[in-house]
Amino acid sequence: LFYKVMGFIKKSRAEQLLKGLLIVVLVSVLSDLLNLHTLNWILKSCLTIGMIALVVVFQPELRRGLESIGRSNILKTTFSQVDNEQAKKITKEFVRAMQEMADTKTGALIVIERETSLSDICETGTKIDAQISAEMIGNIFYEGAPLHDGAVIVRGERLYSAGCVLPLTQNKSLPKELGTRHRAGIGITECSDAIAFMVSEETGIISSARDGRLTRYLDGKAMEKMLLDIYFENESKDLFSS
């Protein structure tokens, strides 16, 4: 528990604030020992108000933490309802679409919904509820198409919504060359358990984001394994050997 808390502090804005809070607590203890009653009263009053301020300042982090606890039972994803053959077919369509867009340097952002509902994100775009196919994905992200600038949300075995607006990550340590598409892909995985796939329109590099971590330079096999893991988790090895 201590390790998890320290990891959370290290990855969020809490580190500097925690240092300041420790200094205030230390001065408060010293003022009590030195009988500096007025200073001690002021500091204790500040600490009481500060607890409320912490909840306000760290609302996004607290929300992510509570969502993570809610997913701790590791329920089956909606993809587990898809049979093996259909899962392999959908995976092939995804991989083919991503590779074709990478070859033509067509920018793309695809988000796969898992346990955390993305209904609020879907509402920012246009509901399409279409069958997953490389041609459909290519048409959506074709430059000049009405919905090509937003993200596509995949729900189950359907392309559910397109042209969606995602929250951008606040991570300041990311390379400066990463654009809005990658920062949005990382951002949605920070506030949900979704997995995002991105294609850079400048370089054609395929990337993925999960739990706020970015993986770049994916090839066809890496994408296939990742997608099958999403669909069947432990069953993915059997699918590869078949």
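Treat the numbers as computed from the prediction; the structure is a model and nothing was measured.

Novice: How should the overall build of the protein chain be read in this particular structure?
Specialist: For the protein chain, the helix and strand inventory stands at 10 helices and seven strands. When each of the 242 residues of the protein chain is scored for burial, the buried share is 39%. Long-range pairs, those at least 24 residues apart, make up 61% of the contacts in the protein chain with a sequence separation of at least 6. Total accessible area on the protein chain stands at roughly 14500 Å², and carbon and sulfur atoms take up 59% of it.

Novice: Which parts of the structure should I look at to understand the state of the cysteines?
Specialist: Defined simply, a disulfide is a covalent bond joining two cysteines at their sulfur atoms. For the structure shown, the criterion picks out zero disulfides. Cys164 supplies the cysteine sulfur nearest to Cys122, a cysteine that is in no disulfide, at a spacing of 5.3 Å.

Novice: Would you take a moment to explain the nonpolar core for this structure?
Specialist: Across soluble globular proteins, nonpolar side chains show a tendency to be buried alongside one another. Membership of the largest hydrophobic core comes to 31 residues, with the highest contact counts inside it found for Phe94 and Ile137. Those elements giving two or more residues to this core turn out to be helix H5 (84-103), strand E1 (108-112), helix H7 (134-141), strand E3 (151-155), strand E4 (158-164), strand E5 (195-199) and helix H9 (220-232). Element by element, the count of residues in this core is highest for H5, at eight residues. Counting residues in hydrophobic clusters, the runner-up holds 18 residues, among them Leu118, Ala151, Ile153 and Ala184.

Novice: Sorry, what's going on with the side chain of Ser28 here?
Specialist: You can see Ser28 is positioned in helix H2 (residues 14-33). The contact partners of Ser28, leaving out residues within four places of it in the chain, are Asn40, Leu43 and Lys44.

Novice: Looking at this structure, how should I read the environment of Val29?
Specialist: Mapped onto the elements of the fold, Val29 is located in helix H2. The exposure class of Val29 is partly exposed, given its relative accessible area of 44%. In the structure, Val29 is positioned 11 residues away from Asn40 in sequence and 7.8 Å away in space, judged by C-alpha atoms.

Novice: Quick question: what am I supposed to make of unusual backbone geometry here?
Specialist: Outside of glycine, negative phi angles account for most residues, and trans bonds account for most peptide bonds. Positive phi is not limited to glycine here, since Asn35 has a value of about 60 degrees. Summarising the element assignment, Asn35 is placed in the loop between H2 and helix H3 (37-57). A positive phi angle, close to 55 degrees, is found at Lys105, a residue other than glycine. The residue Lys105 is located in the loop between H5 and E1 in this model.

Novice: What's the story with the confidence of the model for the protein chain in this structure? I'm lost.
Specialist: Any segment with low pLDDT has predicted coordinates that should not be analysed in fine detail. With 82% of its residues at a pLDDT of 70 or more, the protein chain shows a mean pLDDT of 83. Segment residues 72-80: pLDDT under 50, and 16 contacts once partners within four positions in sequence are set aside and those in other chains are kept.

Novice: Can you walk me through the packing of aromatic side chains in this structure?
Specialist: Each aromatic ring pair is summarised here by two numbers: the centre-to-centre distance and the angle between the ring planes. Using the criterion set out here, one finds zero aromatic pairs in the structure. The positively charged end of Arg155 is found above the aromatic ring belonging to Tyr160, 4.4 Å away from the centroid. Its end group placed over the ring of Tyr217, Arg216 keeps NZ or CZ at 5.5 Å from the ring centre.

Novice: Help me understand the packing of H5 against H9, please; the structure alone is not making it clear to me.
Specialist: The relative placement of two packed helices is expressed as an angle between their axes plus a distance between the axes. Packing of H5 against H9 brings their axes to within 9 Å, and their N-to-C directions diverge by 145 degrees. Judged by the sense of rotation from one axis to the other, the crossing of H5 with H9 is right-handed. On the side of H5, the interface is formed by Asn84, Ala87, Lys88, Ile90, Thr91, Phe94, Val95, Met98 and Gln99, while H9 contributes Gly220, Met223, Glu224, Leu227, Leu228, Tyr231 and Phe232. Tallied by class, residues from the contact of H5 with H9 come to 10 nonpolar, four polar and two charged.

Novice: What's the story with a nonpolar patch on the surface in this structure? I'm lost.
Specialist: A cluster of nonpolar side chains, contributed by Ile23, Val25, Leu26, Val27, Val29, Leu30, Leu33, Leu34, Leu36 and Leu39, occupies part of the molecular surface with about 890 Å² of accessible area. With seven residues, the single largest contributor to the nonpolar patch is H2. With respect to the element layout, Leu36 can be found in the loop between H2 and H3.

About the cut-offs
Residues numbered from 1 in each chain as written. Predicted model: local features only at pLDDT ≥ 70, side-chain atom pairs only at ≥ 80, totals over all residues. Heavy atoms only, no water. Helix = DSSP H or I, 4+ residues; strand = E, 2+ residues; numbered from the N terminus. Buried < 20%, exposed > 50% of the residue type's maximum accessible area, 1.4 Å probe, protein only. Contact = heavy atoms within 4.5 Å. Areas by Shrake-Rupley, 256 points an atom, 1.4 Å probe, with all protein chains shown as cover. Disulfide = S-S within 2.5 Å. Core = buried A, V, L, I, M, F, W, Y, C linked by side-chain atoms within 4.5 Å. pLDDT = per-residue confidence, 0-100. Phe/Tyr/Trp six-rings, centres within 6.5 Å; stacked < 30°, edge-to-face > 60°. Lys NZ or Arg CZ within 6 Å of the ring centre and 35° of its normal. Axes fitted to C-alpha atoms, helices over the stretch in contact; angles between N-to-C directions. Left-handed = near helix turned anticlockwise from the far one by under 90°. Nonpolar A, V, L, I, M, F, W, Y, C, P; charged D, E, K, R; others polar. Patch = residues over 30% accessible without salt bridge, like charges linked within 9 Å, V, L, I, M, F, W, Y side chains within 5 Å. Salt bridge = Lys/Arg side-chain N within 4 Å of Asp/Glu carboxyl O.

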